[in-house]
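Listed below, chain by chain, are the residues.
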Amino acid sequence: MTELTDRDWKGFDAFGPKGLFEIHTTNSSIDKKRLVLDGPEIVPYVTRSADNNGVALFVSDKNYSYGFDLPDVITVGLDTQTAFYQPYKFVTGQNIQIITGEHLTPLVIQFLLPLLRTQMTAKFNWGGNGATLSRMKRLRLMLPIDDNGQPDYDFMSDYVRERLSQKRQSYLDYVHDRLAELGTVQSLPAINSVDWTPFALPKLFEFERGREKNMKKLVSGAVPLVSAKKINNGVKAFVGNPHKIITSGNTVTLNNDGDGGAGLAYYQPSDFALDTHVTALHAKQKVSSYALQFIAASLSKQHELFGHGRSISLPRAKHLKVMLPTMSDGTPDYSYMDQYVKNKMNQKYNHYLKYLNASVIGSNKL
C-alpha cells in the first residue's frame, strides 16, 4: 500500500515564472442572465459555489458561442476559495480561474486538490483578502518528490488510484449488502392504478414539536440535529450535547417554516435532536421504514403551499392531510408502500452496481 511517508516532500511554486502549472482566466465567463437554457441542458455551468463540484446548473450547448473550457482541469472560484476538478467540457460564470498543466491528469488533480484547498483556506478569506489571480500566483505547494528532487507524479497517481480502488470496493460491498436486505423486485400494480385516499395526519401520527433552540451552545458530536432545511434530509449539523430530549428515530419530520423548506418532510432513520422549527410525526402503529419514506415523499408534495408568509403551526399541521394508497377496508396500504419503495431502491442500487462494475481506474483515469 502506497503511503504518504514513502516519499520525501519539498515546496514548489504552484504558478508564476517558476511554477509547475498555469493559471488563467476562463474562456467564457457568462453572466447567469445571458445563459441559453432552451434545448438539451447537457453543459455544466461552473460558478464560485462551494457545492456540487462548483456546478450551479446544466445549460444548452448553445452557450459554447460565448466560449468554453476543455476538461481535465481545475477550476478556482476567486473570493470563495473553491477548487474543483472538471472532467467534462464546460462553461463558467464570472470570477473563475482555470488551472492547467502538462502533468495534470485526473489522478494527479485529485491528489493536488486537498493541498490546494488547504493553502487557499489558510491564506485567503472572503472580503478584502480573497483568492485574486495575483495572490494565487504566489502560492506554494508541498509535494512528494522523486530521486531527482522533482514532483513525483507517478507516486501521486498510484496513491490516488489505490485509495479510489479501496473506495470502490467498499461501495460494492455496501450495495451488495443493501440488495440482500431489500430482496428481489416484486410485481406490483402501477402506482396510478391503485386507490388513493386523503388521511388526516392526526389519524396516523402523534405530534412532537422540536425543543432545541440554543444552537450556539451546541458542540460537534454524533447526534443529527434536524432543522427546517430544504436539503440534506433536514440535518443541519451533528451535535454532542443537545440540551433537550433526544427524539427517537424511524420517524418522519415535517418542516414548519424555513428558507424554502417549509412543508418538506423527511424520514429520519436514527435518533436525533429536533429544533423548534420542525415537528416529528410518530406513527401510531408499526410502520416499516420504507413505508415511512413513501409517506414523507407524498407529504412533501404539498410544500409549495407554505413559506415564510405561511408557516405550518401546530393547529395547521393537525389539519393537514396526506394522500396514500388505500386497501379495500379504507386503511392505508402500508404493504404496497413498503414494497413500492423497496422496488425503487432495488432498481437504483442495481443501476449503481452496473456503474461500479463498468468503472475502471486506469493509469491516468478515475
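Whatever comes next refers back to the structure up there.
Residues numbered from 1 in each chain as written. Predicted model: local features only at pLDDT ≥ 70, side-chain atom pairs only at ≥ 80, totals over all residues. Heavy atoms only, no water.

All right, on to the environment of Thr 47 then. On the secondary structure map, Thr 47 appears in the loop between β3 (41-46) and β4 (55-60). As for Thr 47 and Thr 82, which are separated by 35 residues in sequence, their C-alpha atoms are 9.5 Å apart. In contact with Thr 47, other than residues within four places in its own chain, are Gly 54, Ala 56 and Ile 96. (Helix = DSSP H or I, 4+ residues; strand = E, 2+ residues; numbered from the N terminus. Contact = heavy atoms within 4.5 Å.)

Turning our attention to the sheet that holds strand β13 (residues 235-239). Taken in spatial order, the three strands line up as β13-β12-β16 in an open sheet, and their pairing is mixed. The open sheet has two free edges, formed respectively by β13 and β16 (273-274), since each of these has just one partner strand. The pairing of strand β12 (residues 220-226) with β16 spans two bridges and is classified as parallel. Of the residues in β16, the one forming a bridge with Leu 225 is Ala 273. (Pairing = 2+ DSSP bridges.)

Further remarks concern empty space enclosed by the protein. Think of a ball as big as a water molecule: rolled over the atoms, this probe shows where empty space is left. Scanning the model with the defined rule gives one cavity of 30 Å³ or more in all. The calculated volume of the largest cavity comes to roughly 50 Å³. Lining of the largest cavity is provided by Phe 15, Phe 21, Ile 74, Ile 99, Leu 104, Leu 112, Leu 116 and Leu 141. (1 Å grid on protein atoms, 1.4 Å probe; cavity = no way out; pocket = protein on both sides within 12 Å on 5 of 7 lines; lining within 4 Å. Points joined across faces, edges and corners; volume = space filled by probe spheres on them.)

Our focus in this paragraph is the sheet that holds strand β17 (residues 278-283). The four strands lie next to each other as β11-β17-β14-β15, forming an open sheet whose pairing is antiparallel. The sheet is open, and its two edges are formed by β11 (205-209) and β15 (265-268), each paired on a single side. Neighbouring strand axes in the sheet, compared pairwise and without regard to direction, differ in orientation by 30° on average. With five bridges joining them, β11 and β17 adopt antiparallel strand pairing. If you follow Glu 208 over to β17, its bridge partner there is Ala 280. Across the sheet, helix α5 (residues 289-300) is in contact with β11, β14 (251-255), β15 and β17; its angle to β15 comes to roughly 165°. (Axes fitted to C-alpha atoms, helices over the stretch in contact; angles between N-to-C directions.)

A word on the pattern of salt bridges. Side chains carrying opposite charge are able to pair once their charged atoms draw close together. If you walk through the whole model with that rule in mind, you get 10 salt bridges. Of the charged contacts, one joins Arg 163 and Glu 3 as a salt bridge, the two residues approaching to 3.4 Å between their closest N and O atoms. In this pair, Arg 163 sits in helix α3 (residues 153-182) while Glu 3 sits in the segment before β1 (9-13), placing the two residues 160 residues apart along the sequence. Overall, the relative accessible area of 23% leaves Arg 163 in the partly exposed class. By relative accessible area, Glu 3 is classed as partly exposed at 35%. The shortest N-O distance in the salt bridge between Asp 158 and Arg 161 comes to 2.7 Å. Of this pair, Asp 158 and Arg 161 both sit in helix α3, three residues apart, which is roughly one turn of the helix. For Asp 158, a relative accessible area of 32% corresponds to the partly exposed category. A single network of salt bridges, built from pairs that share partners, joins Glu 3, Glu 162 and Arg 163. (Salt bridge = Lys/Arg side-chain N within 4 Å of Asp/Glu carboxyl O. Buried < 20%, exposed > 50% of the residue type's maximum accessible area, 1.4 Å probe, protein only.)

In this section: helix α1 (residues 106-123). Helix length check: α1, at 18 residues, gives a terminal C-alpha distance of 25 Å against a target of 26 Å (1.5 Å per residue), a fit within 8%. At Leu 112, α1 is deflected by roughly 35°, the largest bend along its length, and proline Pro 114 occurs up to four residues later in sequence. Within the sequence span of α1, burial applies to Pro 106, Leu 107, Val 108, Ile 109, Phe 111, Leu 112, Leu 113, Leu 116 and Met 120. (Expected span 1.5 Å × (residues − 1). Bend = angle between axes of the 7 residues up to and from the residue.)

Turning to the side chain of Thr 92, a few remarks are in order. Within the secondary structure, Thr 92 is located in strand β7 (residues 91-92). Exposure remark for Thr 92: the relative accessible area of 0% places this residue in the buried category. A polar side-chain atom of Thr 92 sits 3.0 Å from a polar atom in the side chain of Thr 26. Those residues in contact with Thr 92, other than ones at most four positions away along the chain, are Thr 26, Ser 28, Ser 29, Ile 30, Tyr 45, Val 46 and Asp 69. (Polar contact = N/O pair within 3.5 Å; in protein donor to acceptor, adjacent residues only side chain to side chain.)

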